[in-house]
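Observations on chain architecture
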Amino acid sequence: MEMRKIGMLMTILMGITMSLILSLVGTALGGHFTLVSWLMSFGISLVISLLIGFIVPIKKLGDNFCEKRKTNPHSFKGTLLSAIISDLIYTPIITIIMVVAMVLMATREIPDMAVRMNIMGHALIPSLIVCFIVGYFVIVLVQPLFLKMLMGKNKPENPEKAD
């Protein structure tokens with residue numbers, strides 16, 4: 001399989017994974033976990049994460065970050081460094097949009113926008129902190145697994161080269 005196709009599959013797998021985990025964490029942090037609110041959160045965050053993944057060259061940015069630190073992107077240290085870049089791109093965008101959406105939905109009966117903004121401000125900082133930490137560990141753990149899985153399924157078909 002060509003690298004472009006692997007990159008697209010990685011984007012989809014990481015988008016689904018990050019959306020699944022961050023929407024669960026975010027909905028749980030909100031204190032009003034319902035299946036409907038989680039599904040809505042998951043759907044919105046999935047669209048956002050896929051858009052980010054297809055627009056932003058995250059692998060290239062991570063590799064460049066590693067290169068500037070004289071680190072092989074495929075090493076353990078490279079994985080840790082690349083995860084910082086992914087986390088800094090995905091997590092704040094997804095978290096901010098989700099906090100705004102969920103607070104606006106939860107406070108739709110409150111007409112005073114200043115009160116709604118205050119609630120948002122109080123929810124945003126803890127959510128960002130928790131989601132940065134959770135997001136980082138999710139990226140460090142699953143990205144190498146997905147890559148190994150995708151690369152393993154796509155070994156050379158020529159038996160002479162495969163040995």
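Residues numbered from 1 in each chain as written. Predicted model: local features only at pLDDT ≥ 70, side-chain atom pairs only at ≥ 80, totals over all residues. Heavy atoms only, no water.

The space that makes up the largest pocket amounts to roughly 780 Å³. Taken together, 26 residues make up the lining of the largest pocket; nearest its centre are M10, I58, K59, Q143 and L147. Going through the elements one at a time, α1 (3–29), α2 (35–55), α3 (58–68), α4 (76–106) and α5 (113–152) are the ones with two or more residues in the lining of the largest pocket. Counting residues per element, the lining of the largest pocket draws most heavily on α1, which supplies 8 residues. A breakdown of the residues in the lining of the largest pocket according to their chemical character gives 14 nonpolar, 9 polar and 3 charged. Reported here for the second largest pocket is a volume of approximately 590 Å³. Along the wall of the second largest pocket there are 27 residues; nearest its centre are G26, G30, M102, V103 and A106. Elements represented by at least two residues in the lining of the second largest pocket include exactly α1, α2, α4 and α5. (1 Å grid on protein atoms, 1.4 Å probe; cavity = no way out; pocket = protein on both sides within 12 Å on 5 of 7 lines; lining within 4 Å. Points joined across faces, edges and corners; volume = space filled by probe spheres on them. Helix = DSSP H or I, 4+ residues; strand = E, 2+ residues; numbered from the N terminus. Nonpolar A, V, L, I, M, F, W, Y, C, P; charged D, E, K, R; others polar.)

Going through the model one piece at a time under the given rule, you end up with 1 salt bridge. A salt bridge links D63 to K59, with the nearest nitrogen and oxygen atoms 2.8 Å apart. On the criterion of helical spacing, the pair formed by D63 and K59 is a turn pair, its members being 4 residues apart in helix α3. (Salt bridge = Lys/Arg side-chain N within 4 Å of Asp/Glu carboxyl O.)

Bringing the environment of S75 into the picture now. Tracing the chain through its elements places S75 in the loop between α3 and α4. Looking at S75, the relative accessible area reads 25%, which means it is partly exposed. One polar contact links the side chain of S75 to the main-chain amide nitrogen of G78, over a distance of 3.0 Å. (Buried < 20%, exposed > 50% of the residue type's maximum accessible area, 1.4 Å probe, protein only. Polar contact = N/O pair within 3.5 Å; in protein donor to acceptor, adjacent residues only side chain to side chain.)

Moving on: the packing of α2 against α4. Two numbers describe how α2 lies on α4: the axes approach to 10 Å, and their chain directions differ by 145°. Crossing hand, α2 versus α4: right-handed. Together, S37, M40, S41, I44, S45, I48, S49, I52 and G53 of α2 and I89, Y90, I93, I94, I97, M98, M102 and M105 of α4 make up the contact between the two elements. Looking at side-chain class alone, the contact of α2 with α4 contains 12 nonpolar, 5 polar and no charged residues. (Axes fitted to C-alpha atoms, helices over the stretch in contact; angles between N-to-C directions. Left-handed = near helix turned anticlockwise from the far one by under 90°. Contact = heavy atoms within 4.5 Å.)

Let's shift gears to the packing of α4 against α5. Where α4 contacts α5, the axes come no closer than 7 Å and their chain directions differ by 145°. α4 and α5 meet at a crossing whose hand is right-handed. Of the residues in the contact of α4 with α5, the class split is 21 nonpolar, 7 polar and 2 charged.

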